[in-house]
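Understanding the architecture of this molecule
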Amino acid sequence: MKVLFMVFLFFLMQSDSYAGWLWGPSTSEECIVENAKGIANNFAIQVIAMACNELFSPSASNEDKKWSRCVLKNMKGVQDKTVAMIAVNDCNNKFPNRK
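Residues numbered from 1 in each chain as written. Predicted model: local features only at pLDDT ≥ 70, side-chain atom pairs only at ≥ 80, totals over all residues. Heavy atoms only, no water.

1. Some thoughts on the pattern of salt bridges
Across all of its chains, the model carries three salt bridges by this definition. Across the pair Arg98 and Glu54 runs a salt bridge whose closest N-O atoms are separated by 2.9 Å. Within this pair, whereas Arg98 is found in the segment after α5 (81–94), its partner Glu54 is found in helix α3 (residues 42–55), the two being separated by 44 residues in sequence. Using a relative accessible area of 19% as the deciding quantity, one classes Arg98 as buried. Its relative accessible area of 12% is what places Glu54 among the buried residues. (Salt bridge = Lys/Arg side-chain N within 4 Å of Asp/Glu carboxyl O. Helix = DSSP H or I, 4+ residues; strand = E, 2+ residues; numbered from the N terminus. Buried < 20%, exposed > 50% of the residue type's maximum accessible area, 1.4 Å probe, protein only.)

2. Some points on the confidence of the model for the chain
Of all residues in the chain, 77% have pLDDT values of 70 or greater, and the mean over the chain is 84. For the stretch residues 15–21, pLDDT sits under 50, and the model shows 16 contacts to residues farther than four places along the chain or on other chains. (pLDDT = per-residue confidence, 0-100. Contact = heavy atoms within 4.5 Å.)

Rendered as structure tokens:
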């Protein structure tokens, strides 16, 4: 039974509509609020907002959603614009086929 539950969770987390969040935000607004906590840099907050909006957009491709997750992961605690730009560039290099 435990294995069946683990398989279910694995497939659930792979779903695009699920956006990879198990108990996280369910809207782009919640995503922005959660990921912008403690960040004082305007550029970083704008990038977080763009990533969250794309992550919850029904028209975003799988590649776009992967890029968004990458950006949100890299933006944790970023306080400097230069570091934020490096984080975005890292994700752009990992996902060059996004729109």
